[in-house]
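# Chain and residue survey
As a plain string of letters, each chain reads:
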Amino acid sequence: MARRGHRPSQAPAGRPRFWGRHAVTAALANPDRVVRKIWATREAMASLDIPPIIPVTYAEVTDLARLVPSDAPHQGLVAEVDPLEDIWLADLLEQGADDKRPLLVLDQVTDPHNVGAILRSAAAFDALGIVTPDRHAPPESGTIARAASGALEMVPWVRVVNLARALDEIAEAGFWRVGLAGEATQTLNEAMGQQRVALVLGAEGEGMRQNTATHCDELGRLPISPRMESLNVSNAAAIALYAATTRVMS
């Protein structure tokens, strides 16, 4: 039977490699993640309980360094994994139908370090999930998993073909779409009100595209000092999530 709503993108080909204790142990703990193989030092394996079905290859630190990007802090652990299965936007919206958890929408945020940091903040503030376009957004990778510090396995990530249509579907689900923009005339708190909120953040440097901004209900700005033009998108996401969370709790 055909699924309703905005369809997910096609999953990227290939298997990413994760490295570092947080990323690898979180992948092992996620029942939805398939871990295909692990390379590890004996010291790193001493405190891990690996299911016997997963092949483990013992290696020296220098050997592991060849499996990951240059200078990646692998901490003696590298894992090859399958990408997580696609999530339908309609399914994610249905999961949040009875609560006021914020939703994050990222418009062409391409830096994997920023996406990983945003996932970490989303987990910390119990966001419903993140939504990105399938193009102009990074695939799952060891860099994202490392920056997310385990949150890649916790926060639902929906990839959509058309972000504008996805924002329409988000509105139909009852979310108030607030775009973060430095030129906005009102603050983020004023723009959010007390409704269920979808926070929309634009790309590093360029900000939101005009078409994305027109699909927001309101634009809001962070009340930062005029001495600083803007914040890194991952920092802005963390502050916006905090504002959305404390608004609901107050």
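Attention in this report is confined to the structure presented alongside it. (Residues numbered from 1 in each chain as written. Predicted model: local features only at pLDDT ≥ 70, side-chain atom pairs only at ≥ 80, totals over all residues. Heavy atoms only, no water.)

Next up on the list: the pattern of salt bridges. This structure, assessed with the given rule, holds ten salt bridges. The closest approach of N and O atoms between glutamate 80 and arginine 15, which form a salt bridge, is 3.8 Å. Separated by 65 residues along the polypeptide, glutamate 80 in strand S4 (residues 77-81) and arginine 15 in the segment before strand S1 (17-19) bring together distant segments of the chain. Between aspartate 99 and arginine 101 there is a salt bridge, with the nearest N and O atoms lying 3.0 Å from each other. On the basis of relative accessible area, aspartate 99 is assigned to the partly exposed category, the value being 24%. Its relative accessible area of 24% is what places arginine 101 among the partly exposed residues. Members of the salt-bridge network, linked through shared partners, are Arg15, Arg36, Glu80 and Asp82. (Salt bridge = Lys/Arg side-chain N within 4 Å of Asp/Glu carboxyl O. Helix = DSSP H or I, 4+ residues; strand = E, 2+ residues; numbered from the N terminus. Buried < 20%, exposed > 50% of the residue type's maximum accessible area, 1.4 Å probe, protein only.)

It is worth spelling out the pairing of S4 at this point. Burial of S4 is extensive: five of the five residues sit out of reach of the surface. Neither face of S4 is exposed, since Leu77, Ala79 and Val81 on one face and Val78 and Glu80 on the opposite face are all buried. Summarising the sheet, S1 and S4 pair through three bridges and their orientation is antiparallel. Of the residues in S4, the one forming a bridge with tryptophan 19 is valine 78. Strand direction decides the pairing type here: strand S2 (residues 35-40) and S4, joined by five bridges, are antiparallel. If you follow valine 35 over to S4, its bridge partner there is valine 81. (Pairing = 2+ DSSP bridges.)

Further remarks concern unusual backbone geometry. Even without glycine at this site, glutamine 75 takes up a positive phi of about 55°. By secondary structure assignment, the location of glutamine 75 is in the loop between helix H3 (61-65) and S4. With a relative accessible area of 47%, glutamine 75 lands in the partly exposed category. If you check the backbone angles, serine 149 has positive phi at about 55° while not being a glycine. Within the element layout of this structure, serine 149 appears in the loop between helix H6 (142-148) and strand S7 (157-160).

This paragraph deals with the sheet that holds strand S3 (residues 56-58). Paired through their backbone hydrogen bonds, the strands of a sheet run either parallel or antiparallel. Read across the sheet, four strands follow the order S1-S4-S2-S3 without closing on themselves; strand pairing throughout is mixed. Strand pairing shows two members of the sheet lacking a second neighbour, S1 and S3, which therefore form its edges. The sheet shows a mean angle of 20° between the axes of neighbouring strands, direction not considered. (Axes fitted to C-alpha atoms, helices over the stretch in contact; angles between N-to-C directions.)

Right, let's get into helix H7 (residues 163-172). For an α-helix, 3.6 residues make a turn, and residues three or four places apart therefore share a direction. Those residues of H7 that sit buried are Leu163, Ala164, Ala166, Leu167, Glu169 and Ile170. Where H7 terminates, the next one or two residues include glycine 174, which has phi positive at roughly 100°.

Look at helix H5 (residues 112-124): 18 Å from first C-alpha to last across 13 residues, which is about the 18 Å you get at 1.5 Å a residue. The complete set of buried residues in H5 reads Asn114, Val115, Gly116, Ile118, Leu119, Ser121 and Ala122. Where H5 begins, one side-chain oxygen reaches toward the backbone nitrogen of histidine 113, 2.8 Å away; that side chain belongs to aspartate 111. Among the residues trailing H5, aspartate 126 stands out with phi positive, at a value near 55°. (Expected span 1.5 Å × (residues − 1). Polar contact = N/O pair within 3.5 Å; in protein donor to acceptor, adjacent residues only side chain to side chain.)

The grouping of Ile224, Met228, Leu231 and Ile239 at the surface amounts to a nonpolar patch, some 330 Å² of accessible area in total. Tracing the backbone shows isoleucine 224 in the loop between strand S10 (218-220) and helix H10 (233-249). (Patch = residues over 30% accessible without salt bridge, like charges linked within 9 Å, V, L, I, M, F, W, Y side chains within 5 Å. Areas by Shrake-Rupley, 256 points an atom, 1.4 Å probe, with all protein chains shown as cover.)

Turning to the packing of aromatic side chains, a few remarks are in order. On inspection of all chains with the given rule, the structure shows one aromatic pair. Measuring from ring centre to ring centre gives 6.2 Å for phenylalanine 125 and tyrosine 242, while their planes differ by 70°; the resulting arrangement is edge-to-face. Here phenylalanine 125, found in the loop between H5 and strand S6 (129-133), pairs with tyrosine 242, found in helix H10; they are 117 residues apart in sequence, far enough to count as distant. A residue is classified by how much of its surface remains accessible, and phenylalanine 125, at 25% relative accessible area, is partly exposed. The class of tyrosine 242 is partly exposed, set by a relative accessible area of 48%. The side chain of arginine 42 reaches across the aromatic face of tyrosine 58, ending 4.0 Å from its centre. In this structure, arginine 196 packs its charged tip against the face of phenylalanine 175, placed 4.1 Å from the ring centre. (Phe/Tyr/Trp six-rings, centres within 6.5 Å; stacked < 30°, edge-to-face > 60°. Lys NZ or Arg CZ within 6 Å of the ring centre and 35° of its normal.)

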